Amino acid sequence: MTKAAIRTEGLTKRYGSAAVLNDLNLEVPVGEVLGYLGPNGAGKTTTIRLLLGLIHPSAGSSTIFGLDSQRQAVEAHRRLAYVPGEANLWPSLTGAETLHLLGQVQGQVDVPYRDELIERFDLDPNKKVRAYSKGNRQKLILIAGLMSRPDLLLLDEPTSGLDPLMEQAFRHSVFEAKERGQTVFLSSHILSEVEALCDRVGILRNGVLVDMGTLAEMRHLSSLSIEATFDGSVPDLARVPGVSAVTVDGRVVRCQVLGAVEPLLKVLANSGVHELLSREPSLEELFLAHYGSGDHGSEAVPTRDD
Amino acid sequence: MTTDSASQLGAPELRRPSVVGPGDITSLVPAGGNPTRIVRRQTARKALRSGALWGLVFGLYVALQASTYASQYKTPASRLALARSLSSSSGLNALVGPAHDLQTVGGFTTWKCLGILTVLGAVWALMLSTKLMRGEEDAGRWELFLAGQTTPRRAVAQALSGLGAGVVVLFGLTALVTVAIGRTHPVHLSSSSAVFFALAVTSGAAMFMAGGALCSQLAASRRQATAYAGTALGLFFALRMVADSTAGLNWLLWATPLGWVEQLQPFTNPRPAVLILIFGLSATMAGLTVTLAGARDLGGSTLPDRSSAKARTSLLTGNVGLTARLIRPTMLGWWAAVAAFGFLLGMVAKQAARSLEASSSAQKILLRLGGRGAEVKAYLGISFLIIAVFVVLISAGQITAGRREEATGRLEHFLVRPVSRVRWMAGRLGVAAAAVALGGALAGTFAWLGAASQHTSVSFSSLLGAGLNTVPAAVCLLGIGALAWGLAPRVASYAVYGVLAWAFLIELLAGIAISNHWLLDTSIFHQFTAAPVQAPNWSSGGAMIATGVVAAALGTVAFAHRDLAGE
Ligand SMILES: Nc1ncnc2c1ncn2[C@@H]1O[C@H](COP(=O)(O)OP(=O)(O)OP(=O)(O)O)[C@@H](O)[C@H]1O
Ligand SMILES: [Mg+2]
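Fair warning: this is a prediction, and the values are worked out from it, not measured in the lab.

1. Here we look at the overall build of chain A
Point 1. The secondary structure content of chain A amounts to 10 helices and 14 strands.
Point 2. When its C-alpha atoms are laid out on the principal axes, chain A stretches across 75 × 40 × 35 Å.
Point 3. Within chain A, buried positions represent 50% of all 306 residues.
Point 4. Pairs at least 24 apart in sequence give 68% of the contacts found in chain A among residues at least 6 apart.
Point 5. The average position of the 30 basic charges and that of the 39 acidic charges among the side chains of chain A differ by 6 Å.

Put into structure tokens, the structure is as follows:
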């Protein structure tokens, strides 16, 4: 059996009686880039802190490359790097000193790669941390994480505060890591970033993993948006199996279709359709579908009704 | 859509939750808060609490000194004898200021309290003002207010008035207790002179409150500000000491604010005119504080601060090296203080001992401690208790600093890398223990150097032993602190200073009100033997160190098994 980069079994964290993370079962194979999404307070950071052994689970367990997150933390940490979305650093150290220190603590640094990263992220390492802007501090911890070329990167909103140019540099670095076979666990609110980088996506809501799969799978399971313009009279599409959310605007009909599109196509072909637009949902739409129901408590998740 | 257009559209209910723009911070402050006064209220609340606590400590200390003297030296003859023996001691004079009219309750109380409480008050004030001014700013809490209707100048002026309230409470409580004790039977001090005395005793705090605020504007961080103010205090203290102990240099007293306080001479020869200097300096510094606050950036400094530097990586190899580097500036200050103090003690020991010799009551104590001929050592033995306090404070500071690494999340940079919690904690505590031990050793060594400079015959080994004798209590406190940190991280600092305060209280009351040895044993100072006059009791010292090590081990285990705790 090859060891997964990350495996969690029934991982649960409660604060008092509130379960912040509930029975998480996750497996991230080596070499995968996994996007980890969820609204604020969903439990993403909690998951990562559990994986790092910074906090202890109320139930369940997790392993990193087969090493227990709690009991074998030191061994596990030799193979990973963690980049938080915001971090306090020692204000009196310079950027270079911070990188030197963290490299020493990690025990392995690819020095030419570190220097390349400093160049790529356009960081002045001679400044004191006290004098860095928020974005520059973020670059510093990003470089500190990437420079050891670990087998696993745990990234928690790693690009918060970075400008679009640096966001590009970050994507470049993740592609590089992927090419080298490194595993990446990326928690992010920037959906385009996740869409561009990730092999699979997990969506967390209220501490529960509500969806998990490749983007293609998730799209397959969700509605397709259709916009049809008719020459003549507009047919009644509401009865067609799989079709929902029908709106009529003159000769233009918009609707959503879930599952097989054939029945709808047959109706349209027979009704003299003049123009047809179909669009796959973007990750944002998929995501909003999940998030949107957050307000309604236990309402069923719309894309998962098969 | 703005609220205005909404109301025009006939939706008046939309008017209620008004738009929150950057200029409106009412929604960010607790209900009922007036945004323009919030800095004052927040500063005042903390300053008042702290001022009240210290006011009580000041009052209690004054009351204790006055009433003990009045009840123990009842006859004019006994008072005169004491006065003669004490006033000739230039060593003690150098430390706490000159003695006047020691045959009166007022004179004795002034001599016993004014010098010590002035320095204590100054330390309290500069720590509090840099914390509430610069610390709050560094933590980013002022940004909220300054984004609102308050300008930096106004915010600083408000904080100053909050700090002022703290000083007023300190003075008020000290005055209240002094007046009250003055009215009791054997003491008899007039109320007006008691109030003037309280003013004198707290005027150091007033000046350093303003001084701390000023340094908060000059420096680039709270630590730097505290260091500036602390250095100033150290220099002024040294100047005052030179002025008081060197014939012909008495005029130097006018060059140091601590000398001004001494010149007030409450009870014995009150000189209220000197208050003009004290108020003048405080007001000038306050004014300068407000001016400078408007002239610098939030988070910036008035004095140039190097924002970039060449990398110095020799120490940055891991936790131990980083800790050593981070605490180095603070520790250099402490070590310098301990060494200077030790040197001074050694230097004045001979003269001080001579004055002890002349006192019959002191003779009795001396006989008990070490017999005839041991006066120098006896004096040093008593004085090393003060060194012990310094050294123990190093421990307390190290626990607070370590806990801050956890609270700020900086500790995580280690724990997410291949460093176990046990290793991190052991490194941190190890560095602290080394800092403490070095402090004790420096005190002993410099005490010997001071003594040798006056050809006082005390052996190096006995004074080094006396210095190291202060270490067990400090290590014990370090262990207790680590245990509190492991079990209840958010209250660890309070716990450490609580244990310290408790020990002071017990020592203060020992022999007067407390004789129960179980209770006495709860003080970390109680096992302290007055080395060099008594041989250091290494077995009880060993027991204290063992207690500390066991407590530290338990604390580390607890730390390894809990979640990390933020602020
Ligand atoms: N120490 C704690 N005590 C109590 N509740 C906590 C604690 N830490 C986190 N929580 C709660 O756990 C929940 C999940 O928090 P978490 O930080 O994991 O969210 P997140 O998904 O990372 O959100 P965000 O996108 O805002 O970063 C939140 O509701 C938070 O309030
Ligand atoms: Mg988070």
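2. What about the site of ligand 1?
All names here are of chain A.
Point 1. Near ligand 1, the surroundings consist of Y15, V20, P39, N40, G41, A42, G43, K44, T45, T46, E157 and H189.
Point 2. Within the side chain of T45, a nitrogen or oxygen atom sits 2.6 Å from an oxygen atom of ligand 1.
Point 3. For ligand 1, the protein covers 57% of the area, taking 640 Å² as the surface of the free molecule.
Point 4. Class assignment of the residues belonging to the shell around ligand 1 gives a composition of 4 nonpolar, 6 polar and 2 charged.

3. With respect to unusual backbone geometry
All names here are of chain B.
Point 1. Backbone geometry at D101 places phi at a positive 50°, although glycine is not the residue there.
Point 2. Relative to the helices and strands, D101 resides in the loop between α4 (90-96) and α5 (105-138).
Point 3. Residues other than glycine seldom take positive phi values, yet H188 does so here, at roughly 55°.
Point 4. As for its placement among the helices and strands, H188 is situated in the loop between α7 (152-182) and α8 (191-218).
Point 5. Given the relative accessible area of 54%, H188 is considered exposed.

4. Some words on the sheet that holds strand β11 (residues 224-230) of chain A
Residue and element names in this part refer to chain A.
Point 1. Read across the open sheet, the 4 strands follow the order β12-β13-β11-β14; overall the sheet is antiparallel. Looking at which strands have only one partner, the edges of the open sheet turn out to be β12 (243-249) and β14 (273-279). Here the average twist between neighbouring strands, direction ignored, is 15°.
Point 2. In the sheet, β11 pairs with strand β13 (residues 252-257) via 6 bridges, with the strands oriented antiparallel. Each residue of the ladder has a partner; that of A228, found in β13, is V253.

5. Looking at helix α4 (residues 111-120) of chain A
Residue and element names in this part refer to chain A.
Point 1. Within α4, burial applies to Y113, L117, I118 and R120. Along α4, the residues classed as buried sweep out an arc of 165° about the axis, all on the same side. In α4, the exposed positions that point more than 90 degrees away from the buried face belong to P112 and E119.
Point 2. Contact partners of the buried residues in α4: α3 (95-106), α5 (134-146) and α6 (164-179).

6. A word on the pattern of salt bridges
Point 1. Counted according to the given criterion, the structure contains 23 salt bridges over all chains.
Point 2. Note that E27(A) is salt-bridged to R7(A), the shortest N-O span being 2.7 Å. In this pair, E27(A) is assigned in strand β2 (residues 18-28) and R7(A) in strand β1 (residues 6-15), connecting sequence segments 20 residues apart.
Point 3. Residues R325(B) and E97(A) are paired through a salt bridge, measuring 3.0 Å at the closest nitrogen-oxygen approach. With R325(B) in helix α12 (residues 319-358) and E97(A) in helix α3, the pair connects residues from two separate chains.

7. Side note on the domain arrangement of chain A
Interfaces are frequently sized by the accessible area removed from exposure as the parts join.
Point 1. Domain assignment breaks chain A into domain 1 (6-215) and domain 2 (223-280).
Point 2. Put simply, the middle of domain 1 of chain A and the middle of domain 2 of chain A, counted by C-alpha atoms, are 43 Å apart.

8. Brief notes about the confidence of the model for chain A
Should pLDDT be low for a region, the predicted coordinates there are not to be read in detail.
Point 1. Considering every residue of chain A, the mean pLDDT works out to 88; 93% of them sit at 70 or more.
Point 2. Within the model, pLDDT remains below 50 along residues 294-306 of chain A, and this stretch shows 17 contacts once partners closer than five positions in the same chain are excluded.

9. Quick notes on the confidence of the model for chain B
Residues and elements named next belong to chain B.
Point 1. Scored by pLDDT, chain B comes out at a mean of 84, with 85% of its residues at no less than 70.
Point 2. Across residues 1-32, confidence stays below pLDDT 50; counting only partners more than four residues off in sequence or on other chains, it has 26 contacts.
Point 3. The ipTM value of the predicted complex is 0.84, and its pTM value is 0.77.

10. Some details on a nonpolar patch on the surface
Point 1. Residues L60(B), W502(B), L505(B) and L519(B) make up a contiguous nonpolar surface patch of roughly 330 Å² in combined accessible area.
Point 2. With respect to the element layout, L519(B) can be found in helix α20 (residues 517-521).

11. Concerning the pairing of strand β6 (residues 80-83) of chain A
Residues and elements named next belong to chain A.
Point 1. Alternating residues of β6 divide into L80 and Y82 and A81 and V83, and every residue in both groups is buried.
Point 2. As paired elements, β6 and strand β7 (residues 152-156) share 4 bridges and run parallel to each other. Along β7, the bridge assignment pairs L80 with L152.

12. What to know about the side chain of K13(A)
Point 1. With respect to the element layout, K13(A) can be found in strand β1.
Point 2. What makes K13(A) buried here is its relative accessible area of 6%.
Point 3. K13(A) has contacts with A18(A), A19(A), V20(A), L21(A), T46(A), L50(A), I55(A), H56(A), P57(A), S58(A) and D563(B), leaving out every residue within four places of it along the chain.

13. Let's talk about the interface of chain A and chain B
Point 1. Each partner contributes residues to the interface: chain A has 37 residues there, and chain B has 34 residues.
Point 2. Carbon and sulfur atoms supply 58% of the area that chain A and chain B bury against each other, a total of about 3100 Å² over both sides.
Point 3. Broken down residue by residue, the surface that chain A buries against chain B is led by L54(A), W90(A) and V105(A), which jointly contribute 21%.
Point 4. One can count 3 salt bridges joining chain A with chain B.
Point 5. Close ionic contact of D563(B) with K13(A) constitutes a salt bridge, the shortest N to O distance being 2.7 Å.

14. Some details on the sheet that holds strand β4 (residues 59-64) of chain A
Point 1. Pairing is antiparallel across the open sheet formed by 4 strands, whose spatial order is β2-β1-β4-β5 (chain A). Pairing within the sheet leaves two strands with one partner each, and these edge strands are β2 and β5 (67-68) of chain A.

15. Things to note about the packing of helix α18 (residues 471-487) of chain B against helix α21 (residues 538-560) of chain B
Residue and element names in this part refer to chain B.
Point 1. The interhelical angle for the contact between α18 and α21, taken along N-to-C directions, is 20°, at an axis separation of 7 Å. Taken together, the axes of α18 and α21 are roughly parallel relative to one another. Judged by the twist between their axes, the crossing of α18 over α21 is left-handed. Packed against α18, whose contacting residues are P472, A473, V475, C476, G479, I480, A482, L483, W485, G486 and L487, the element α21 presents G541, M544, I545, T547, G548, A551, A552, L554, G555, A558 and F559 at the interface.
Point 2. Residue classes in the contact of α18 with α21 are distributed as 16 nonpolar, 6 polar and no charged.

16. Some details on the domain arrangement of chain B
Point 1. Assigned domains within chain B: domain 1 (34-300) and domain 2 (325-567).
Point 2. Spacing between the C-alpha centres of domain 1 of chain B and domain 2 of chain B amounts to 26 Å.

17. Some points on a positive patch on the surface
Residues and elements named next belong to chain B.
Point 1. Side chains of R41, R45, R49, K131, R222, R223 and R404 sit close together on the surface and give a patch of like positive charge.
Point 2. Elements with a minimum of two residues in the positive patch: α2 (38-72) and α9 (222-245).
Point 3. Positionally, R222 belongs in helix α9.

So, how was this worked out
Residues numbered from 1 in each chain as written. Chains lettered and ligands numbered in written order. Predicted model: local features only at pLDDT ≥ 70, side-chain atom pairs only at ≥ 80, totals over all residues. Heavy atoms only, no water. Helix = DSSP H or I, 4+ residues; strand = E, 2+ residues; numbered from the N terminus. Buried < 20%, exposed > 50% of the residue type's maximum accessible area, 1.4 Å probe, protein only. Contact = heavy atoms within 4.5 Å. Lys, Arg positive; Asp, Glu negative; His and termini not counted. Charge placed at Lys NZ, Arg CZ, Asp CG, Glu CD. Near = heavy atom within 4 Å. Polar contact = N/O pair within 3.5 Å; in protein donor to acceptor, adjacent residues only side chain to side chain. Areas by Shrake-Rupley, 256 points an atom, 1.4 Å probe, with all protein chains shown as cover. Nonpolar A, V, L, I, M, F, W, Y, C, P; charged D, E, K, R; others polar. Pairing = 2+ DSSP bridges. Axes fitted to C-alpha atoms, helices over the stretch in contact; angles between N-to-C directions. Arc of directions from axis to C-beta. Salt bridge = Lys/Arg side-chain N within 4 Å of Asp/Glu carboxyl O. Domains from an automatic or database assignment. pLDDT = per-residue confidence, 0-100. Patch = residues over 30% accessible without salt bridge, like charges linked within 9 Å, V, L, I, M, F, W, Y side chains within 5 Å. Buried area = accessible area lost by both parts, 1.4 Å probe. Parallel < 35°, antiparallel > 145°, perpendicular 65-115°, else oblique. Left-handed = near helix turned anticlockwise from the far one by under 90°.

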